[in-house]
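Observations on the model geometry
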Amino acid sequence: MKSRRHAPESEETGIDLSPMLDFTVNLLIFFIITTSFIKEAGVTVFKPPAVTAVNKPSGNLLIAIRENGDIWMDRRRIDLRDVRTQIERLHIERPDDTVVIIADKASNAGAVAKVMDEVRLAGITDVSIAANPNGS
Amino acid sequence: MRKRRHNEPTESSTGIDLAPMLDFVTNLLIFFIITAVFVKESGLTVNRPTSFEQESKDDAKSIQIQILDNGEIWVDNRAVDARAVRANVERLSAVNPDAGVLILAQDKAPTGTLVEVVDQVHLGGIYNITFSTTQ
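Report follows, based on the coordinates.

Rules used in this analysis
- Residues numbered from 1 in each chain as written.
- Chains lettered and ligands numbered in written order.
- Predicted model: local features only at pLDDT ≥ 70, side-chain atom pairs only at ≥ 80, totals over all residues.
- Heavy atoms only, no water.
- Helix = DSSP H or I, 4+ residues; strand = E, 2+ residues; numbered from the N terminus.
- Buried < 20%, exposed > 50% of the residue type's maximum accessible area, 1.4 Å probe, protein only.
- Contact = heavy atoms within 4.5 Å.
- Pairing = 2+ DSSP bridges.
- Axes fitted to C-alpha atoms, helices over the stretch in contact; angles between N-to-C directions.
- Phe/Tyr/Trp six-rings, centres within 6.5 Å; stacked < 30°, edge-to-face > 60°.
- Buried area = accessible area lost by both parts, 1.4 Å probe.
- Salt bridge = Lys/Arg side-chain N within 4 Å of Asp/Glu carboxyl O.
- Polar contact = N/O pair within 3.5 Å; in protein donor to acceptor, adjacent residues only side chain to side chain.
- Nonpolar A, V, L, I, M, F, W, Y, C, P; charged D, E, K, R; others polar.

**Some details on the overall build of chain B**
Counting its regular elements, chain B contains five helices and six strands. Counting from the amino terminus, chain B carries its helices and strands in the arrangement α-α-β-α-β-β-β-α-β-α-β. For chain B, buried positions account for 40% of its 135 residues. Taking the contacts inside chain B whose residues are at least 6 apart along the sequence as the reference set, 77% of them involve residues at least 24 apart.

**Quick notes on the sheet that holds strand E4 (residues 78–80) of chain B**
Residues and elements named next belong to chain B. Read from one edge of the open sheet, five strands run E4-E3-E2-E5-E6, paired in mixed fashion. Since the sheet does not close on itself, it has two edges, and those belong to E4 and strand E6 (129–134), each with one partner. The sheet shows a mean angle of 30° between the axes of neighbouring strands, direction not considered. Relative to E6, strand E5 (residues 101–106) runs parallel, the two sharing six bridges. Looking at the pairing, Leu-102 lines up with Thr-130 of E6. Contacting strand E2 (63–67), strand E3 (73–75) and E4, helix H4 (residues 85–95) crosses the sheet at an angle of about 155° to E2. The strands touched by helix H5 (residues 111–123) are E2, E3, E5 and E6; relative to E2, the strand with the most contacts, the crossing angle is about 155°.

**Some thoughts on the packing of aromatic side chains**
The way to describe two aromatic rings as a pair is by their centre distance and the angle between their planes. Residue and element names in this part refer to chain B. According to the stated counting rule, one finds one aromatic pair over all chains in the structure shown. Summarising the aromatic geometry, the rings of Phe-31 and Phe-32 are spaced 5.1 Å apart at their centres and angled 75° between planes, so their arrangement reads as edge-to-face. When its relative accessible area of 42% is taken as the criterion, Phe-31 is described as partly exposed. According to the relative accessible area criterion, Phe-32 is buried, its value standing at 13%.

**With respect to the interface of chain B and chain A**
The interface of chain B with chain A comprises 40 residues on the first partner and 50 residues on the second. Note on chain B versus chain A: buried area summed over both sides is about 4,200 Å², and carbon and sulfur give 65% of it. Broken down residue by residue, the surface that chain B buries against chain A is led by Glu41(B), Ser42(B) and Arg48(B), which jointly contribute 16%. If you look at where chain B meets chain A, you find zero salt bridges. For the interface between chain B and chain A, the tally reads nine residue pairs in polar contact (both at pLDDT 80 or more). The set of elements that each furnish at least two residues to the side of chain B that touches chain A consists of helix H2 (19–35), strand E1 (41–45), E5, H5 and E6 of chain B. Its residues placed into classes, the side of chain B that touches chain A shows 21 nonpolar, 11 polar and eight charged. Of the pairings in the sheet, the one linking strand E1 (residues 54–56) of chain A to E1(B) comprises three bridges and is antiparallel in character. By the bridge assignment for E1(B), Lys56(A) is matched with Glu41(B).

**Focus: the sheet that holds E1(A)**
Read from one edge of the open sheet, seven strands run E1(A)-E1(B)-E6(A)-E5(A)-E2(A)-E3(A)-E4(A), paired in mixed fashion. A single partner strand is all that each edge strand has here, and the edge strands are E1 and strand E4 (76–78) of chain A. Strand-to-strand, the axes of this sheet are offset by a mean angle of 45°, without reference to chain direction. Across the face of the sheet, H5(B) comes into contact with strand E5 (98–103) and strand E6 (127–130) of chain A together with E1 of chain B while running at roughly 75° to E1(B).

In structure tokens, the structure reads:
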């Protein structure tokens, strides 16, 4: 150490990268842990309010039902008959995922029931209906 | 350059070159930042009856709540307000403590009303809710 400090002619002018590396690796680990590969529905719907709604951290397959009955999944509008095959395909990739149905306030309960049945046929029994926990 | 290479063997510069590892880690970091989606959904869980359960659930043990196409809520053969569902459920569950709730919604009943009823039943202390639709 001492001999190094006494040698100003040696060109040791590079920045010390190790603190930056530590920081970057920590950031990387944070993002690896928090990422959960959620399949977003892709449309905005008005969720009904509910005080008793609980957070579903594992709900990562989101199906949206608009007020006119359109079903959106994975940023595409799909037919009711395609819901089952789509869910089955995604369910094979990650067997522990659950479904959250984001239904519009004004959508029909019958449409929600049909989508729930399709999801159950695809093999996922943990289905919940999205609600806004803040109330109205 | 030439001068440096001549000097080097005397210096204690034995560290591994970190630059390729740093490149790789930064790329990985950017990938995860891009793919990260911070969506946390909140929801209510309701059951759907299977074809076998449907008959057994229809007996007098369960509390039935009907939702009509126009959003009217019927409990115990009376039309009630959405905010009165909780009181009705509490009253009926006091009589029949281990009863579940069966929500019978007509096909075109609004989902907002359905969620409101589920919320009220939860507030009334019952979490065993089955949701069925009628034509």
